[in-house]
Amino acid sequence: MPDLQTNNWLVILGNSSKVYGNEFLSDYFPRVQATSVAWHLENVPSQQFLQSLSYTPSSAVNQGSGAVAIQWIDTDDPFTKFDLIDNEDRRVQDLIFLIRTSLAIPYREILSTRLITLFCYAKEEDPDSVGIDTGSLLNFYNFLRLNTDLKRPSITLTSDYTIYASWETEHKQVFDVLFLPGKDMDVRFAIFKPNDRHPEKEFRFSGTVTSDVLRETVAPHGVLDWILE
Amino acid sequence: MKGDILPNEDHIARFCRPMQIEDGQIKPSAFIVRKDYDDSLSVNWLEILNCLSREKEIAALRNIYAKKLYVGATAKIAVLHVGEVIKKVFEASVDSRVLEIKHNPENNDLSHSGIYNLKYDDIEIARLILQTVHKTEIYPARQ
């Protein structure tokens, strides 16, 4: 069981406030949100399946931000596929709801609407699919929380339903990030940009790191010049 | 025949799903294989369709896709040149990746082929493949 006396756990108590041990999270979870898409978030019982979130303060990238790992109430009925899919869907909805209502995340409404659109595309093709991989989405959410000064990325899904974010400029500068699922919070990234001394040639660099150190990993390659506001 | 290497001068098409497209632009996620499921990236060999024009090849592909896939309203078909893809990836990838594009016919899709030697996290390669797609060679997957 989490120790509620420390800063490391966030508990969702129904529709009431959220408490980090001795600090409050200031994000506002509205009861009703207008949305133009078919899937109405206001009808999502978002907190119902969220038991707790662990919170790891980070000073490595952005002061005041932290990584979040969600623990879910284990109420899944393992005997029916329908229930498993249904619960997985709700987990995706919960995470999108978190993004939509996290004031620290710029473009939160556009991003969440885009994620819902992608989820709907995936479900339209295959109703039995996960829509969006929850591990990848959680990884993406953590990255957004740690990096609140980003330009809005282009977001698509791979065939595994993992999140693929891209920042591209008209000057042929590209920063691609694949948010991998799993507890490791790994991301695969690739940088493409013109070679500074030989513009006709292309500089390329890629690798795998955890999402919390992605920013400092790519910073020496000038990426921040075109992905930050 | 299954396993035949496609000629460098031929063309392949990749079905790009709506979730791999934003603002009408195909993204590299369309060229990523699934982890644990795919040993190759599915494509279709155009020349084996024996059509007389690209227009007819695309029409034939639309028929094939309509029978075997759910084709979303914004899905697209990206046409690639076999030799160009292989050359680009070999010359530009960090590990000088040698892709193989082989015929892999299926019962309901005799033109089905695959791009081999890809991994689920090869985003650099996916971007390189996308760079070989010419803007004039992207078509709606639905009529």
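Residues numbered from 1 in each chain as written. Chains lettered and ligands numbered in written order. Predicted model: local features only at pLDDT ≥ 70, side-chain atom pairs only at ≥ 80, totals over all residues.

A. Up close: the overall build of chain A. Within chain A, the regular secondary structure consists of 5 helices and 10 strands. Scored against the burial criterion, the 229 residues of chain A give a buried share of 36%. For chain A, long-range pairs separated by at least 24 residues make up 56% of all intrachain contacts whose partners lie at least 6 apart in sequence. (Helix = DSSP H or I, 4+ residues; strand = E, 2+ residues; numbered from the N terminus. Buried ≥ 20, exposed ≤ 12 C-beta atoms within 10 Å, placed from the backbone. Contact = placed C-beta atoms within 7 Å.)

B. Spotlight on the overall build of chain B. Looking only at helices and strands, chain B has 3 helices and 8 strands in total. For chain B, the α and β elements follow one another from N to C terminus as β-β-β-β-α-β-α-β-β-α-β. On C-alpha atoms alone, chain B measures out to a radius of gyration of 14 Å, which is about the 15 Å that the 2.2 N^0.38 rule sets for 143 residues. Judged by the C-alpha coordinates and their principal axes, chain B covers about 40 × 35 × 30 Å. In chain B, which comprises 143 residues, the proportion classed as buried is 41%. (Rg over C-alpha atoms; globule rule 2.2 N^0.38 Å.)

C. Geometry of the interface of chain B and chain A. Taken together, the 21 residues of chain B in the interface contact 22 residues of chain A. Contributing elements (two or more residues each) for the side of chain B that touches chain A: β2 (21-22) and α3 (123-131) of chain B.

D. Structural detail: the confidence of the model for chain B. Looking at chain B as a whole, its pLDDT mean stands at 96, while 100% of the residues score no less than 70. Model confidence for the complex: the whole-complex pTM is 0.79, and ipTM, which rates the interface, is 0.96. (pLDDT = per-residue confidence, 0-100.)

E. Quick look at the sheet that holds strand β1 (residues 11-16) of chain B. All names here are of chain B. Spatially, the 6 strands line up as an open sheet ordered β6-β7-β4-β1-β5-β8, and their pairing is antiparallel. At either margin of the open sheet sits one strand with a lone partner, and together these are β6 (100-103) and β8 (138-140). Put simply, the sheet's adjacent strands are angled 35° from each other on average, direction ignored. The pairing of β1 with strand β4 (residues 40-45) spans 2 bridges and is antiparallel. (Pairing = 2+ DSSP bridges. Axes fitted to C-alpha atoms, helices over the stretch in contact; angles between N-to-C directions.)

F. The sheet that holds strand β7 (residues 163-168) of chain A, seen in detail. Residues and elements named next belong to chain A. In spatial order, the strands read β6-β7-β8-β9-β10; together these 5 strands make up an open sheet with antiparallel pairing. One side of each edge strand has no neighbouring strand; the edge strands of this open sheet are β6 (154-157) and β10 (202-210). Along the sheet, successive strands turn relative to each other by an average axial angle of 15°, direction set aside. The sheet contact formed by strand β9 (residues 186-194) and β10 spans 9 bridges and is antiparallel. Within the sheet, the bridge partner assigned to Arg188 lies in β10 and is Thr208.

G. Here's a closer look at the environment of Gly182(A). Structurally, Gly182(A) is set in the loop between β8 (174-179) and β9. On a C-alpha basis, the gap between Gly182(A) and Asn139(A) in space is 8.5 Å, while along the polypeptide they are 43 residues apart.

H. Broad picture of unusual backbone geometry. Its identity as a non-glycine residue notwithstanding, Lys172(A) has a phi of 65°, on the positive side. Its location among the elements puts Lys172(A) in the loop between β7 and β8. Take Lys172(A): there are 12 C-beta atoms within 10 Å of it, and that puts it in the exposed class. Phi at Ser96(B) takes a positive value of approximately 45°, unusual for a residue other than glycine. Positionally, Ser96(B) belongs in the loop between α2 (82-92) and β6.

I. Fine view of the packing of α2(B) against α3(B). All names here are of chain B. Look at α2 against α3: their axes get within 9 Å of each other, and the N-to-C directions meet at 135°. What the angle tells us is that α2 and α3 run oblique. The two elements α2 and α3 meet at a crossing, and its hand is right-handed. Contact residues: Val85, Lys88, Val89 and Ala92 in α2; Ile125, Leu128, Ile129 and Gln131 in α3. By residue class, the composition of the contact of α2 with α3 is 6 nonpolar, 1 polar and 1 charged. (Parallel < 35°, antiparallel > 145°, perpendicular 65-115°, else oblique. Left-handed = near helix turned anticlockwise from the far one by under 90°. Nonpolar A, V, L, I, M, F, W, Y, C, P; charged D, E, K, R; others polar.)

J. Highlighting the pairing of strand β5 (residues 76-81) of chain B. Residue and element names in this part refer to chain B. Most of β5 sits inside the fold, with 5 of its 6 residues counted as buried. Taken together, the 6 bridges between β1 and β5 define a ladder with antiparallel strand orientation. For Cys16, the partnering residue across the bridge sits in β5 and is Lys76. Pairing between β5 and β8: 3 bridges, direction antiparallel. By the bridge assignment for β8, Lys76 is matched with Pro140.

K. Local environment of the confidence of the model for chain A. With 63% of its residues at a pLDDT of 70 or more, chain A has an overall mean of 74. Counting interchain partners and residues more than four positions distant, the pLDDT-below-50 stretch residues 1-66 of chain A has 113 contacts.

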